[in-house]
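Chain by chain, the residues run as shown.
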Amino acid sequence: MNRGTSPLEILFHADQREVVDKWVAYLRDEGMDVKPVFREPGQGPTGARVAIVWMPPAELFQKEAKLEVVFNVGAGVDAILASGALPDNVDLVRLEDTGMGAKMAEYVIHALAEVTRNMGQFREAQKQQLWSPTSHVYVEDWPVGILGLGVIGSQIAASVAALGYPVMGWSRRQRHFDGVESYAGADGFSKFLSRSRILVNALPLTPETRHILNRETFSQLLPGGHVINIGRGAHLNEDDLLACVNEGSLAGATLDVFTTEPLPKGHPFWSHPAIEVTPHISGTTNARLAMRQIATKLRAWRAGTPFTGVVDRRVGY
Ligand code: NDP
């Protein structure tokens, strides 16, 4: 199948028009002949076959009967799938890495240093002009378990393993990476947890993974467990986390994503001494790399050749 080489009409949606202007400029830098089209509220269908979107409203897809493929400018597609608005016959394509994996590995390593070396004590000591060195921290004491060994989780695993930490990984199907002890599926879950002290979540949000970070999960970690959630807020049962941290069965958590974002003022996480909060910044999108990847996939789509990153709707990622 060849889908032609004439200017390609693309239906765009982002929260700000300036964002779309940048996307269009980057696509043109990649040699794409793009004609942007937009759906205003109450307006009829555009007739576009391709859409490039970030956080689209459900109405965007309604009546766009000619739509064949939607590129999501993000790695997670849970919100689009949950809206139920995308017709089954439309391919949904997600971003693969585009710089996020390295950023998220950096975030995890920063959190590991904070936790394992208790860096907060030095900030406190500095306030009092106190010179109080600590002794060597042994990475062997801090085995790291990574939930999800996909594009992002595998990069985190490699980066953390390179620092000498024992690394465990968990995925749906059995994966094999150098330096990573891998577990898969329901059968491998408890064994994986029982070997991990730091638990990093890099899973997609699907019906199977919702609230996977719960009391039962935390109770199987090695003593002094710490949770780093960079997946989605709904992976975490927030009440369970608070209860476990308060009763001391979990030492703490580093949280980048939340059930409600922005995290509401007054939420107990904001002021909890054992919980670190960041505003969903662990894996920010590099728009230029994103459009470069989408341009490559659009060329394949036009030529009718296969490309990666197409979401399997049956499993939800
Ligand atoms: P991938 O699809 O490449 O990887 C997903 C991994 O999760 C795979 O290893 C997959 O297993 C595993 N997995 C999925 N479902 C299950 C399950 N039921 N049981 C066990 N393992 C499962 O995704 P990415 O690595 O690109 O992204 C992961 C997620 O990270 C995104 O969906 C998004 O939610 C989040 N994210 C967060 C960001 C932030 O800023 N906080 C930024 C970017 C992404 P298998 O290998 O067997 O397929």
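Residues numbered from 1 in each chain as written. Predicted model: local features only at pLDDT ≥ 70, side-chain atom pairs only at ≥ 80, totals over all residues. Heavy atoms only, no water.

**Overview of the overall build of the protein**
Counting its regular elements, the protein contains ten helices and twelve strands. Against the compact-globule benchmark of 20 Å for 317 residues, the protein has a radius of gyration of 22 Å, which places it among compact chains. Dimensions of the protein, computed from the C-alpha atoms along their principal axes, are close to 65 × 40 × 35 Å. Across the 317 residues in the protein, those meeting the buried criterion constitute 46%. Within the protein, contacts between residues separated by at least 24 positions form 61% of all contacts whose residues are at least 6 apart in sequence. About 16100 Å² of surface is accessible on the protein, with carbon and sulfur atoms providing 53% of the total. (Helix = DSSP H or I, 4+ residues; strand = E, 2+ residues; numbered from the N terminus. Rg over C-alpha atoms; globule rule 2.2 N^0.38 Å. Buried < 20%, exposed > 50% of the residue type's maximum accessible area, 1.4 Å probe, protein only. Contact = heavy atoms within 4.5 Å. Areas by Shrake-Rupley, 256 points an atom, 1.4 Å probe, with all protein chains shown as cover.)

**Considerations on the site of the ligand**
By nearness alone, 29 residues border the ligand, and Val 151, Ile 152, Arg 173, Arg 175 and Tyr 317 come closest of all. Ser 282 is positioned with one of its side-chain polar atoms (N or O) 3.1 Å from a nitrogen atom of the ligand. Within the backbone of Gly 283, one N or O atom sits 3.1 Å away from an oxygen atom of the ligand. Among the elements of the structure, helix H3 (100-116), helix H5 (151-162) and strand S7 (167-171) are those that each provide at least two residues to the shell around the ligand. The residue inventory of the shell around the ligand, partitioned by class, reads 13 nonpolar, nine polar and seven charged. (Near = heavy atom within 4 Å. Polar contact = N/O pair within 3.5 Å; in protein donor to acceptor, adjacent residues only side chain to side chain. Nonpolar A, V, L, I, M, F, W, Y, C, P; charged D, E, K, R; others polar.)

**Focus on the nonpolar core**
Judged by nonpolar contacts, the single largest core of 49 residues is most densely connected at Ile 52 and Ile 156. Look past the residues within four positions of Ile 52 in its chain and what remains in contact with it is Ile 10, Leu 11, Phe 12, His 13, Trp 23, Leu 27, Phe 71, Val 73, Met 291 and Ile 294. In this structure, Met 168, Phe 192, Leu 203 and Ile 212 belong to the second largest nonpolar core, which totals 26 residues. (Core = buried A, V, L, I, M, F, W, Y, C linked by side-chain atoms within 4.5 Å.)

**Concerning the sheet that holds strand S5 (residues 91-93)**
Spatial ordering of the open sheet is given by S2-S1-S3-S4-S5, a layout of five strands whose pairing is parallel. Sheet topology places strand S2 (34-37) and S5 at the edges, where each strand pairs with a single neighbour. Between one strand axis and the next, the sheet turns through 25 degrees on average, direction left out of account. Pairing geometry for strand S1 (residues 8-13) and strand S3 (residues 50-53), over four bridges, is parallel. (Pairing = 2+ DSSP bridges. Axes fitted to C-alpha atoms, helices over the stretch in contact; angles between N-to-C directions.)

**A look at the pairing of strand S9 (residues 198-201)**
Taking every second residue as pointing to the same face, both faces of S9 are buried, with Ile 198 and Val 200 on one and Leu 199 and Asn 201 on the other. As paired elements, strand S6 (residues 144-147) and S9 share four bridges and run parallel to each other. Across the sheet, residue Val 144 finds its bridge partner in S9, namely Ile 198.

**Some thoughts on the sheet that holds strand S10 (residues 226-229)**
Here seven strands make up an open sheet; going across it, the order is S8-S7-S6-S9-S10-S11-S12 and the pairing parallel. Of all the strands in the sheet, the pair left with one neighbour each is strand S8 (180-184) and strand S12 (275-277). Strand-to-strand twist of the sheet, defined as the mean angle between neighbouring strand axes without regard to direction, takes the value 15 degrees. Against the sheet, H3 makes contact with S6, S9, S10 and strand S11 (252-255), and its axis sits at roughly 160 degrees relative to S10, the strand it touches most.

**Here we look at the packing of H3 against H5**
Packing of H3 against H5 brings their axes to within 8 Å, and their N-to-C directions diverge by 45 degrees. What the angle tells us is that H3 and H5 run oblique. Our pair here, H3 against H5, has a crossing hand that is right-handed. Counting all contacts with H3, which are made through Met 100, Gly 101, Ala 102, Met 104, Ala 105, Val 108, Ile 109 and Leu 112, the residues of H5 involved are Ile 152, Gln 155, Ile 156, Ser 159 and Val 160. Residue composition of the contact of H3 with H5, by class: ten nonpolar, three polar and no charged. (Parallel < 35°, antiparallel > 145°, perpendicular 65-115°, else oblique. Left-handed = near helix turned anticlockwise from the far one by under 90°.)

**Brief notes about unusual backbone geometry**
With an omega dihedral of -5 degrees, the bond running from Glu 261 to Pro 262 counts as a cis peptide bond. For Met 55, which is not glycine, the phi torsion reads 50 degrees and is therefore positive. Secondary-structure assignment places Met 55 in the loop between S3 and strand S4 (69-72). On the basis of relative accessible area, Met 55 is assigned to the exposed category, the value being 58%. In this structure, His 211 is a non-glycine residue whose phi angle is positive, near 60 degrees. Within the secondary structure, His 211 is located in the loop between S9 and helix H7 (215-218). Overall, the relative accessible area of 38% leaves His 211 in the partly exposed class.

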